[in-house]
Amino acid sequence: MEVGGILTYEGSNFFRQRLILATLSGKPVRIRNIRTTSSEPGLREHEANFIRLIDCISNGSIIEVNETGTAVLYKPGVLIGGCLDHICSNQRGIGYFLEPLFMLALFCKTPLNITLKGITNNKLDPSVDMIRSSLMPVMKKILVVDDGLSLKMLRRGLPPGGGGVVVFTCPVRRTLKSFQWEENGKVKRIRGISYTSRVAPTVANRMLDAAKGEFLKFLTDVYLTLDSAKGSSPGFGLCAVAETNMGSFLCAEAMSNAPEEDSATKLPEDVGREAAWRLLEEIYRGGCVDTICQPFVLLCMALTPKDVSKIVLGPLAPYTMHFLRHLRDFFQVTFKIDEYKEKFTSDEMPESKTGADKLLLTCVGVGYTNISKGQT
Amino acid sequence: MGEEADFDKKKGHAHRHSGRKAEKKAAKDKHVQELTAQQRNPKAFAFHSAVKAQRKFVRSQDIKSKKHHIPLVDRTPLEPPPVIVAVVGGPKVGKSTLLRCLIKNFTNQRFSNINGPVTIVAGKKRRLTFIEVNNDINCMIDIAKVADVILMLIDATFGIEMEVFEFLEICRAHGTPRIMGILNHLDMLKDNKALKKKKKALKHRFQVELYPGAKLFYLSGLIRDEYLKNEMKNLGRFISVLKFRPLIWRTSHPFVLVDRYEDITNPETVRINPKCDRDVVLYGYVRGIPFQKSQMVHIPGCGDCKIKDLSYLPDPCPLPEQLKKRSLNAKERLTYAPMSGVGGVVYDKDAVYIDLGNFHHGNKARNKSEDSEEEEDNVLQPLLDLQKTTDEKQAQSKIQLFPQSQLISNDDLEDDNENEDKDGVITKSGNGLPPYETVTDNTGRVRRRAIFSDNLEDAENGDESGSEDDDEDEDVEDDDDDDDDDDDDDDETENEEEDDHAIGPLRKKFKNGLSHKKRNQDYGQDSDSDDYDLDGDLQDVNALQSIDGNIKSRVDSHMTQVRKGSGSKQQIPGIKSNKDSDVTAKIQGLLEKINKSGQNPKQKAISDDSGFSNEENDSDDLIDDCKDEIEGSDGLLQDNGLNVKPPKNPETIDNDSDDSDSEEENDKLEYRSEMLKQATENFYKNQSTVSYLRKYIYGEVSDDEKGSDEAVEEVGGLFKRPTVPKSNTSGPTSRAVSDAVDTSRYIPPVLRNWSVEELQNSIRNCFVTGQWSDDKDAETLLKMDDEDLYGDFEDLETGTKIVGTPKENDDDGKVNEDNLPETKKELSAREKLLEKKRRLKEMFDAEYDDKGTGDYFDSLKAEMNQQAQLNRQEFEGLDDDQRVQYEGYRPGMYVRMEFTRFPCEFITNFDPSYPVIVGGLLENETNMGFIRPEFRIAANGVVLETDQSCKIVKKLKLLGNPENILKKTAFIKDMFHTETEVAKFEGAKIQTQSGIRGIIKKSKGQKGLFRATFEDTIKMSDVVVLKTWVPVEMVQYCYSVHTLLLPPSEKAAWQGMRTVAQLKKDKGIRTLPNPDSLYTPITSRREYIPQPLRIPRELQKALPYSEKPKITPRSKKEQRVIVVKDAHEIQMDTFMKRLKTMMADKIQKEEKANLERKKKFKADIKAREHTRQVREKRKKAAACRLTSKKQGKKSIV
């Protein structure tokens, strides 16, 4: 909705999407009625923290928050990037902050090199492991030449204590290249990491065994590593990624309940199996990128030059659908959504046995150029 | 060029090819096979030096790579926009004449005066837009951005003018387009030799300025005020075959060169306030990249604004459809230049002339809208004219609607009017509508014209009379003829004749505000345009009158009328113009949609009606009807298995199902709440239907005009619509969604148990271990190859035929072809064969054909080509409405852009010779910021970087003096005034003039005295310096250029920036010069004493005698001073003399003795030598004897 020439939204949901797209498009955005009916109205700590992060990677942005914190007016500036340090709120994981950075980092003035401190793995947000194994390959593909792209986890930190350290560096681009990813390929190997923190290291092995048992029903090339960290808070989990022969990655994870949660503690075997099943679910959904990469890859498609880009995705997550909507609001990009029909499906096979129906998303880029990046 | 020579050349003799003469000639010159030097003497070119060979190779590669351009994706659409040809040159150089001649060359049409851009069809695949550039710097800048070809006129008698240089420099900033120089006024130079010289000199100069090899065209002179025909032809051919390299700016920005504009402000508001903001419509071809709806645009010379509405129109100057013929016929040579009055219409401030003039017969048909033509033209023509006004206008000015509706309803209101306006009197029509007057043609046709304050002056010529209702009828009929040819041809031809008689004067003037025709056309356009919303019209209707009860019956009557196909007197004029094929197609689409959703034949009938009748009441009625229908069909929709929550608001579906492209805010929210629901429901099933998903995300149709639903709410008493209460937005469900947790991680609501075999099977083939599709499966591929290898073949030697045995089906049942129907099997077999062939071809190509050099450049180029192909193909099949959604308004489309709140000066001071360009701004270009330009010469610059803020600092040096020095510590005074100042700079680095570095330690007492340490002891005379920086606040300023809006007199006088000198002069500022650089009288100058010339002795020797310095005897030169000696000195002298004599004598004696001794010594040596030689001889003799003895023996032996 546009009010007085400013895009206006209501509610706290998709807060990050709106701010990111506003920053990239240079359009001011107003968000009203943030948790007005809730018992604690206004912005939460992590949202304020996110605003601070946006402020520190950009120059000249104006953010106005009203007294109660229920309304935000954001006038974006220029993304500058540079060498930064940010302490993330412990309400949310580092993934909450890292995902937007993936979207913004490409369009900074100078390459971004940021150290994030906080919770690396939690249940709500994609963990850093997950981002590294699924978003990074996509980013690499989009960059074509990954000069200086890296995501390092220096220390693992689990909720509630946190204390994890992640370093993310990303080069800048003036324009992106349009791409057509129309084949997701077949899963050729499964890799993963089974991590523990402040619990007995055998827990990791127990998780690993359970998960591997599930995977071995399909594939023999399964290799999971162990990581036992000394953190401030106890916990364990498993993150697995399936790589296809066409170079796409599908990732899923599961982890134990945090000590503060009321729910009962999970058995390591259960966690391992849950992670495995989630990965199988993800494989069932399929697509050239997995569910958490969907918004990112769609954004990259929209921001290409005025060329046609195509991608095959599994069923869209609700978050992605909203992202598509927001993309249209900010960039006036409409994606063409079609059913994906696999080429040369043999007649002999009555059912394809390749999971859920896939979607083919096509769009023409907006011809976005990173004008803040200087002329060489 | 070489045309003159071509003319003079006589036809030569024909050479004989056979017969005696030919034989003779052949015998005479014996043809020796021509060999190159290398062929004749290969050894001379043999490979000698590896270094040379390497250098040669490198050089050849260098040359090759120099030719390369960075490959770019070619984004020109299949039907590209007209090429912009700009004619540039100084004043009085012949620009207009050239333009006129070129246009005549292409169209056979002579233009009396050319204003603004002229679009013509130049060939089967090329259209050209000519534009003349006046010598305003802003025009040059604007044109340099958009022009594809530049014809640069140069006066040969004068040389290259500054305008040309300026223009070239401007061009470079944006990427130089194709520039073709044209040398004019060559006939002024009478002397042939001088002419040649001039040509050469100018060509050289031109190539230096542009690039070596730049083309320069020569125009040899005028004949009857026109350039030579064949010269024009040549030039035209050059232009129409030029190829263009995509320029970066143009391939990343959409833009429109406006060739037509329209003021659609409500005349009433203009009357009240002539300076009110205007609503303006601009027309033109989209160029560059696709335009987006509601994009921010920049109009150079006017400012930034947002497109209120964008819609595409049929091409006014389309390319010929079939391309079989070699050349275009006269009819296909279309011209479109609204600003100069070609293409049927001329624009004044407030009136439209239809030109029926004495044009070429081919064009005549086109120009006369009343004429009968081919169908296509008929479809186009009314639409062309339609665009004069827009829905906006009628939406705002209620007068236009009013008389129309009167007509239909035959209200008594009309009668009132009729009674009053018998004799050309100005009539008040009440209801806040402007007055109108009636004007009669000499044929008796009467038209009504709205009168506004500004219109009153040019109130019409005297021939106005006649009765009102007659006029109406005739009017209607006329309109019928214009637009509705396909309905009844007989009628049409009759009317055509009638018209020809009727229209005595060449030009018929319609008043802009009230012309029926135009209004009708507007309707047509409305329904044509993408965002036509019935709702907008509703509002007006409501204001008009309350016709409620008999709507239904009237609808029916209209329906019957339409079916009959003849325009009855009662029929409203609007009906006709809507019958353009486009519109009907659209309506058809609409019908289908409604039909689908409603699945009700009855509704179809009604909507059919609505499509054809533009009467607002009808359409309104339709909406109501639709609502009913759709409400009924809600259930149906729901049953489709889509799990759509039935919308509370029938309007939702209404909007979705009709083509008015409006989606309401409420829908959005509803969808959002839906989404939550969906997430929890069976997810995959929902997503299986793509159409559902599309609707889910984008709300089926693309754009949401919130204006539409607001308008509907205003409908008020009559047509109440059950709008969704606003409270819905703050309802519990939406609140839940809008405040939900913001996470991108999607965790499926239920974790399925993947240990179940069934589930496992569903993803079995997602793994490499599963079954592969046929084109990838190694097994099938192998099998196919096997078939190929061991298929049917005939053994030629034995003559036996071996038939490959069909492979047995594998026992695992993977390939079970027998079960399939025969045809299917065959088909698949053929497909397989095709597939195999394709693969073989690929392999072959990879090895031989497409091998290329395999370098990066080739692969990049191939990639770009592939992308370009994909770009063209991807949306090819879709119809334009949908394409526009995905792609935007692609280049080559003729669009209508509507703007509101335009400055009135744009209209009042419009000058067609100043180009109006609408350039689309990219998303992030609308931000203000600081730019870092790089200036080349002091005149123009290139932006390197932009930022929202920037740090600019100024150097500041603080000076201090030591007060007290203790070894390496010193106390410094005079640098600061207070302790706090010192505190701020504690730890700062300081330095003395001599370069001894130090650091500020601590404030000492009062008045800014501080202690500092240095790396060495400083002196009391040292000055201590603290180097600091002071941030400088940048003055933020933005100066927008408003040249388009200036009155004509000021346009040319506009100056963007004053030079510093001008500024100083204007403000009376004088800079005081540095006294050092002032001239002062020379007070004392040392006398110049030249040094004596010294020639080195060696050189002296070498010099000839005449050059040698003459040496004068020394004695002469220097006179010794006479020394008078005293007694003692004399004594000493004599004593010394004696000593000297003694010494000399002694030396003499010694020498003598030495000589003696030497003699003796030599003699002695001689004697010794002699004896030695004798002894040697004797020895030698003895030795010889001995050896000879031995040899003698040997010789004997």
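Residues numbered from 1 in each chain as written. Chains lettered and ligands numbered in written order. Predicted model: local features only at pLDDT ≥ 70, side-chain atom pairs only at ≥ 80, totals over all residues. Heavy atoms only, no water.

**Student:** Can you lay out the overall build of chain B for me, pointing to particular residues and giving the numbers?
**Tutor:** Scanning chain B for helices and strands turns up 43 helices and 31 strands. By the burial criterion, 44% of the 1197 residues in chain B qualify as buried. Pairs at least 24 apart in sequence give 71% of the contacts found in chain B among residues at least 6 apart. When the accessible surface of chain B is totalled, it reaches about 69,800 Å², and 54% of it is carbon and sulfur. (Helix = DSSP H or I, 4+ residues; strand = E, 2+ residues; numbered from the N terminus. Buried < 20%, exposed > 50% of the residue type's maximum accessible area, 1.4 Å probe, protein only. Contact = heavy atoms within 4.5 Å. Areas by Shrake-Rupley, 256 points an atom, 1.4 Å probe, with all protein chains shown as cover.)

**Student:** Outline the overall build of chain A, listing residues and values.
**Tutor:** In terms of regular secondary structure, chain A is built from 8 helices and 19 strands. When the 376 residues of chain A are sorted by exposure, 66% land in the buried category. Here the analysis covers contacts within chain A between residues at least 6 apart in sequence; of these, 75% occur between residues at least 24 apart. Entry remark: accessible area of chain A is about 12,300 Å², with carbon and sulfur atoms responsible for 51%.

**Student:** So, the packing of helix H7 (residues 294-302) of chain A against helix H8 (residues 318-331) of chain A: which residues are in play, and what are the values?
**Tutor:** Residues and elements named next belong to chain A. Where H7 meets H8, the closest approach of the two axes is 9 Å, and the angle between their N-to-C directions is 25°. One element, H7, and the other, H8, form an angle in the roughly parallel class. Of the two elements, H7 crosses H8, and the hand of that crossing is right-handed. Where H7 abuts H8, its residues Gln294, Pro295, Leu298, Leu299 and Ala302 lie against Tyr319, Thr320, Phe323, Leu324 and Leu327. When its residues are assigned to classes, the contact of H7 with H8 shows 8 nonpolar, 2 polar and no charged. (Axes fitted to C-alpha atoms, helices over the stretch in contact; angles between N-to-C directions. Parallel < 35°, antiparallel > 145°, perpendicular 65-115°, else oblique. Left-handed = near helix turned anticlockwise from the far one by under 90°. Nonpolar A, V, L, I, M, F, W, Y, C, P; charged D, E, K, R; others polar.)

**Student:** An account of the sheet that holds strand E16 (residues 249-255) of chain A is requested, with residue identities and associated values reported.
**Tutor:** Residue and element names in this part refer to chain A. Across the sheet, 4 strands lie side by side as E14-E13-E15-E16; this open sheet has mixed pairing. Each edge of the sheet is formed by a strand with only one pairing partner; in this case those strands are strand E14 (222-229) and E16. Geometrically, the sheet is characterised by an average inter-axis angle of 15° between neighbouring strands, direction not taken into account. Two elements, strand E13 (residues 187-197) and strand E15 (residues 235-244), share 10 bridges in a ladder whose sense is antiparallel. Each bridged residue has a counterpart across the sheet, and for Ser194 the counterpart in E15 is Leu238. Together, E13, E15 and E16 form the strand contacts of helix H4 (residues 128-143), whose direction differs from that of E16 by roughly 170°. Contacting E13, E14 and E15, helix H5 (residues 202-215) crosses the sheet at an angle of about 160° to E14. (Pairing = 2+ DSSP bridges.)

**Student:** So, the environment of Lys27(A): which residues are in play, and what are the values?
**Tutor:** Topologically, Lys27(A) is positioned in the loop between helix H1 (15-25) and strand E3 (29-32). In this structure, the C-alpha to C-alpha distance between Lys27(A) and Pro76(A), residues 49 residues apart in sequence, is 6.8 Å. Once residues lying within four places of it in the same chain are set aside, the contact partners of Lys27(A) are Leu7(A), Ala22(A), Pro76(A), Asp329(A), Phe330(A) and Glu923(B).

**Student:** So what about the sheet that holds strand E22 (residues 894-902) of chain B? Which residues, and what values?
**Tutor:** Residue and element names in this part refer to chain B. A sheet is described by the order of its strands in space; here 7 strands give the open sequence E12-E11-E23-E9-E10-E22-E13, paired in antiparallel fashion. Each edge of the open sheet carries a strand with a single partner, namely strand E12 (303-306) and strand E13 (309-313). With strand direction ignored, the average angle separating the axes of adjacent strands in the sheet is 35°. The sheet contact formed by E13 and E22 spans 5 bridges and is antiparallel. Along E22, the bridge assignment pairs Leu310 with Met897.

**Student:** Please set out the pattern of salt bridges residue by residue, giving values where relevant.
**Tutor:** A side chain of one charge can pair with a side chain of the opposite charge when the charged atoms of the two come close. According to the stated counting rule, one finds 52 salt bridges over all chains in the structure shown. Residues Arg172(B) and Glu169(B) are paired through a salt bridge, measuring 3.3 Å at the closest nitrogen-oxygen approach. Here Arg172(B) and its partner Glu169(B) are both found in helix H7 (residues 162-174), 3 residues apart, which amounts to about one turn of the helix. Put simply, Glu182(A), Lys310(A), Lys336(A), Asp338(A), Arg694(B) and Glu874(B) are held in one network by salt bridges that share partners. (Salt bridge = Lys/Arg side-chain N within 4 Å of Asp/Glu carboxyl O.)

**Student:** I'd like to hear about the packing of aromatic side chains, residue by residue, with values.
**Tutor:** Residue and element names in this part refer to chain B. Within this structure, the stated rule accounts for 27 aromatic pairs over all chains. Among the aromatic side chains, those forming a connected cluster through ring pairs are Tyr261, Phe899, Phe902, Phe906 and Phe910. In this arrangement the basic side chain of Arg260 is found over the ring face of Tyr283, its NZ or CZ atom lying 4.3 Å from the centre. Cation over ring: Lys1051 sits above Tyr914, and NZ or CZ is 4.7 Å from the ring centre. (Phe/Tyr/Trp six-rings, centres within 6.5 Å; stacked < 30°, edge-to-face > 60°. Lys NZ or Arg CZ within 6 Å of the ring centre and 35° of its normal.)

**Student:** Give a description of the interface of chain B and chain A that names residues and reports values.
**Tutor:** Across the boundary between the two partners, chain B contributes 93 residues, which contact 108 residues of chain A. The contact between chain B and chain A buries some 9,300 Å² in all, and 52% of this surface belongs to carbon and sulfur atoms. Sorting the residues of chain B by area buried against chain A places Tyr698(B), Asp742(B) and Arg745(B) first, and these three jointly supply 9% of that buried surface. A salt bridge links Lys336(A) to Glu874(B); its shortest N-O distance comes to 3.8 Å. For the interface between chain B and chain A, the tally reads 34 residue pairs in polar contact (both at pLDDT 80 or more). It is helix H27 (residues 665-680) of chain B that provides the largest number of residues to the side of chain B that touches chain A, a total of 7 residues. (Buried area = accessible area lost by both parts, 1.4 Å probe. Polar contact = N/O pair within 3.5 Å; in protein donor to acceptor, adjacent residues only side chain to side chain.)

**Student:** Lay out a nonpolar patch on the surface with the relevant residues and their values.
**Tutor:** Residue and element names in this part refer to chain B. On the surface, Val1035, Tyr1037, Tyr1039 and Met1057 cluster together to form a nonpolar patch covering roughly 570 Å² of accessible area. Tracing the backbone through its elements, the reader meets Tyr1037 in the loop between strand E31 (1024-1031) and helix H39 (1048-1051). On the basis of relative accessible area, Tyr1037 is assigned to the exposed category, the value being 65%. (Patch = residues over 30% accessible without salt bridge, like charges linked within 9 Å, V, L, I, M, F, W, Y side chains within 5 Å.)

**Student:** Give me H8(A): which residues, what numbers.
**Tutor:** Because each turn of an α-helix spans 3.6 residues, side chains separated by three or four positions in sequence point in the same direction. All names here are of chain A. Between its terminal C-alpha atoms H8 stretches 20 Å, which fits the 20 Å expected from 14 residues at 1.5 Å a residue. Counting buried positions along H8 gives 14 out of 14 residues, so the element sits mostly inside the fold. At the C-terminal side of H8, Gln332 shows a positive phi close to 55°. (Expected span 1.5 Å × (residues − 1).)

**Student:** Explain the environment of Phe45(B) to me, and be specific about the residues and the numbers.
**Tutor:** Structurally, Phe45(B) can be placed in the loop between helix H3 (37-40) and helix H4 (50-67). With sequence-adjacent residues up to four places away left out, Phe45(B) is seen in contact with Ala37(B) and Gln38(B).

**Student:** Before we move on, can you summarise the packing of helix H6 (residues 137-146) of chain B against H7(B) with the specific residues and values?
**Tutor:** Residue and element names in this part refer to chain B. Packing of H6 against H7 leaves a shortest axis separation of 9 Å and a crossing angle of 40°. Taken together, H6 and H7 sit at an angle that is classed as oblique. Along this stretch, H6 crosses H7, giving a crossing that reads as right-handed. On the side of H6, the interface is formed by Ile137, Met140, Ile141, Ile143, Ala144 and Lys145, while H7 contributes Glu163, Glu166, Phe167, Ile170, Cys171 and His174. Here the residues of the contact of H6 with H7 are counted per class, giving 8 nonpolar, 1 polar and 3 charged.

**Student:** Any chance you could break down the pairing of strand E19 (residues 359-364) of chain A for me, citing the residues and the numbers?
**Tutor:** All names here are of chain A. The element E19 is extensively covered by neighbouring structure, given that 6 of its 6 residues are classed as buried. Neither face of E19 is left uncovered, since the one carrying Leu359, Leu361 and Cys363 and the one carrying Leu360, Thr362 and Val364 both have all their residues buried. The pairing of strand E17 (residues 308-313) with E19 spans 6 bridges and is classified as antiparallel. Looking at E19, one finds that Ile311 is bridged to Leu361.

**Student:** Could you give me a rundown of the side chain of Arg156(A), with the residues and numbers involved?
**Tutor:** Residue and element names in this part refer to chain A. By the secondary structure assignment, Arg156 is in the loop between strand E10 (150-155) and strand E11 (164-170). A relative accessible area of 5% places Arg156 in the buried class. One polar contact links Arg156 to Asp129, side chain to side chain, over a distance of 2.7 Å. Residues in contact with Arg156, not counting those within four places in the same chain, are Thr120, Asn121, Asp129, Gly164, Ile193, Tyr195, Asp227, Ala229 and Gly231.

**Student:** Residues and numbers for the pairing of strand E5 (residues 62-65) of chain A, please.
**Tutor:** Residue and element names in this part refer to chain A. As judged from the 4 bridges shared by E5 and strand E6 (residues 72-75), these two strands associate in the antiparallel manner. Its bridge partner being in E6, Ile62 is matched across the sheet by Lys75. Here E5 folds back onto E6 in antiparallel fashion, the turn holding 6 residues, of which Gly69 has a positive phi close to 80°.

Honestly, that's just the spatial picture; any functional story needs more than this.
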